[in-house]
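# Close look at the chain arrangement
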Amino acid sequence: MPEPVLKTLIVDDEDNVLRAIKRLFMDEQTEVLTAASGRAGLEILKENEIALIISDQRMPGMSGSEFLKLAREIAPDAIRIILTGYADITAAVDAINKGGAYRYLEKPWKDAELLMVARDALDRYRLLRENRRLTELTRKQNEELKRWSDELQMDVQQQTIELSRQNKKLSELNRRLGQKIEEFIAAFSNLVDIRGGAAHGHSENVAAITQRIGSKLGMEKQALDRIVLAARLHDIGKIGMPDAIAIARPEDLSGDGLLQYKSHPVMGQSAIGMIEEFRDLGVLIRHHHENFDGSGFPDGLKGEKIPLGSQIIAGADLLDRLLSGGLTMDEIGAETRKRSVTVLEPELAYLIAHYMAEFTGYRANKGGESALGLENLRPGLRLSRDFRTDTGVLLLTKDTVLTEKHLELLKSCDFLNPSRTSIFVWV
Ligand SMILES: [Fe+2]
Ligand SMILES: [Fe+2]
């Protein structure tokens, strides 16, 4: 787009001056407008964009400096030049101070000087206008940028909100999935636990003891949670086995029965391993009957080759079986220590024997059956089984609620004929 021609306004009451300057500017890059008085000049200013004003100082009515002062209000960007008589310095200073004149030139002017000053002033105006245009452009671009940035920010915010909504949904789904898995595991382990007698509640007991042993060992929660899950399912391979084999102690079995019993860790792993998320549990289940000295099954793993989780489950399993076997706490402790090195890793065996009461304390919370020695009995406990002396004399019947008198009776009998049998109570 060609640049518009800049306009110059010349104000002088002398017509010959106006014509002389107009003629002088004929070849210049500017359109010259003229006015014979300040008032007429102001009218032109209102209707045109004037880049340069050249005004005579001495005019009837309105002086040049007065005119420039008013012109400044209408066209503040126009470059103003005052023409003044040789001796009239005061008027020139006035025009500069009040009228904001860019320069003053003496009358009569020298053509070359006037042309040079006018060109200079027009260049100055052009620069000023360009500068203003660029400033305006920058302002607009900044505004646009800010709008984009605001929109972007809003988009990001919306996406963040959407993401966090999705995350919430996902974590809710995860929570529900976790719940379903827990329900599924509970249902499975119940299948094993519904057997009667000493096996009743075995999986749940082993899981609770495993949890306590793992905590005592300072295991990290996430790893321990997996081991506890495996503990709940450790005997899942016994589903479908006849009670006579499933509940039996392996040392009491032989032949096919023993073979069948020994298959339960592998059967358990096969069942659980079919679910991808449970593969790690399957490995722990497979090795829960390995012995520390390598005499266990199914793989005869030895020492540290046995996964730690399987070792802990084996310890918890042993403790629960001993607890259900009618032994006193001291006897159970002694039995556990006896199995150090052969069945259990020595430190684990001693840890279990030492914290036995703490590890089995869950029974009190769960309201289950517990085998207690005489020293642990207290009034208010209810017997879960008949209690007979070692010689077979029935001392207390099932469901008796213990009183101080019963305790005295039990103590005096024990004094006369010390008993090796625990008393089964609901705790
Ligand atoms: Fe087992
Ligand atoms: Fe077991």
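Residues numbered from 1 in each chain as written. Chains lettered and ligands numbered in written order. Predicted model: local features only at pLDDT ≥ 70, side-chain atom pairs only at ≥ 80, totals over all residues.

### A few points about the environment of Ile352
The residue Ile352 is located in helix 14 (residues 346-354) in this model. Of the residues examined, Ile352 has 27 C-beta atoms within 10 Å and is grouped as buried. It is 26 Å that separates the C-alpha atoms of Ile352 and Gln269, two residues lying 83 residues apart in sequence. The contacts of Ile352, once residues within four sequence positions are left out, are Ile213, Gly315, Leu319, Thr336 and Phe359. (Helix = DSSP H or I, 4+ residues; strand = E, 2+ residues; numbered from the N terminus. Buried ≥ 20, exposed ≤ 12 C-beta atoms within 10 Å, placed from the backbone. Contact = placed C-beta atoms within 7 Å.)

### Some remarks on the sheet that holds strand 2 (residues 30-35)
Taken together, the 5 strands give an open sheet; going across it, the order is 2-1-3-4-5, and neighbouring strands pair in parallel fashion. Because the sheet does not close on itself, it has two edges, and the strands there are strand 2 and strand 5 (103-107). Mean inter-strand twist for the sheet, computed between neighbouring axes without regard to direction, equals 20 degrees. Here 5 bridges tie strand 3 (residues 50-56) to strand 4 (residues 79-85), and the two strands are oriented parallel to one another. Paired with Asp56 across the strands is Leu83, a residue of strand 4. Helix 3 (residues 64-74) contacts strand 1 (6-11), strand 3 and strand 4 of the sheet and is inclined by roughly 160 degrees relative to strand 3. Contacts from helix 5 (residues 111-193) reach strand 1, strand 2, strand 3, strand 4 and strand 5, with the element oriented near 145 degrees to strand 3. (Pairing = 2+ DSSP bridges. Axes fitted to C-alpha atoms, helices over the stretch in contact; angles between N-to-C directions.)

### Description of the packing of helix 3 against helix 4 (residues 89-99)
Look at helix 3 against helix 4: their axes get within 8 Å of each other, and the N-to-C directions meet at 10 degrees. When the axes of helix 3 and helix 4 are compared, the pair comes out roughly parallel. The element helix 3 and its partner helix 4 pack so that their crossing is right-handed. Counted together, Gly64, Ser65, Leu68, Lys69 and Arg72 of helix 3 and Ala91, Asp94, Ala95, Lys98 and Gly99 of helix 4 form the full contact between these two elements. (Parallel < 35°, antiparallel > 145°, perpendicular 65-115°, else oblique. Left-handed = near helix turned anticlockwise from the far one by under 90°.)

### Focus: unusual backbone geometry
Omega for the bond connecting Lys107 with Pro108 falls within 30 degrees of zero, at -5 degrees, which places this linkage in the cis form. Locating Pro108 in the fold gives a position in the loop between strand 5 and helix 5. Looking along the chain, the bond that leaves Phe297 and enters Pro298 is cis, with omega of 10 degrees. Turning to its location among the elements, Pro298 is positioned in the loop between helix 11 (279-286) and helix 12 (308-323). Located in the positive-phi region is Val341, a residue other than glycine, with phi close to 75 degrees. Structurally, Val341 is set in the loop between helix 13 (329-338) and helix 14.

### What to know about the domain arrangement of the chain
One can read the domain layout of the chain as domain 1 (6-131), domain 2 (194-366) and domain 3 (369-427). Just the C-alpha atoms count here: the centres of domain 1 and domain 3 sit 125 Å apart. (Domains from an automatic or database assignment.)

### Structural notes on the nonpolar core
The biggest cluster of nonpolar side chains holds 37 residues, and the ones touching the most others in it are Ala230, Ala231, Leu233, Leu281, Ile313, Ala316 and Leu319. Elements that contribute at least two residues to this core include exactly helix 5, helix 6 (202-216), helix 7 (221-232), helix 11, helix 12 and helix 14. The element that contributes the greatest number of residues to this core is helix 12, accounting for 8 residues. Beyond its immediate chain neighbours, meaning those up to four positions away, Ala316 contacts Val206, Ile209, Thr210, Ile213 and Ala231. Within the second largest apolar cluster, 33 residues are counted, among which are Leu6, Ile10, Leu68 and Ile79. (Core = buried A, V, L, I, M, F, W, Y, C linked by C-beta atoms within 7 Å.)

### Concerning the pairing of strand 3
Along strand 3, 7 of the 7 residues are buried, which leaves the element largely enclosed by surrounding structure. In this sheet, strand 3 lies alongside strand 1 in parallel orientation, the contact comprising 5 bridges. Along strand 3, the bridge assignment pairs Val11 with Ser55. After leaving strand 3, the chain enters helix 3 and then returns to the sheet as strand 4, a path that is right-handed. (Right-handed = clockwise from strand over helix to strand, strands pointing away.)

### Quick notes on the packing of helix 6 against helix 7
Where helix 6 meets helix 7, the closest approach of the two axes is 7 Å, and the angle between their N-to-C directions is 155 degrees. The pairing of helix 6 with helix 7 is recorded here as roughly antiparallel in orientation. The two elements helix 6 and helix 7 cross, and the hand of that crossing is right-handed. Residues Ser203, Glu204, Val206, Ala207, Thr210, Gln211 and Gly214 of helix 6 touch helix 7, and the partners they reach there are Leu224, Ile227, Val228, Ala231 and Arg232. A breakdown of the residues in the contact of helix 6 with helix 7 according to their chemical character gives 6 nonpolar, 4 polar and 2 charged. (Nonpolar A, V, L, I, M, F, W, Y, C, P; charged D, E, K, R; others polar.)

### With respect to helix 14
When helix 14 is considered as a whole, its buried residues turn out to be Leu348, Ala349, Ile352 and Ala353. For helix 14, the angular spread of buried residues about the axis comes to 135 degrees, placing them on one side. Contact partners of the buried residues in helix 14: helix 6, helix 12, helix 13 and helix 15 (356-360). (Arc of directions from axis to C-beta.)

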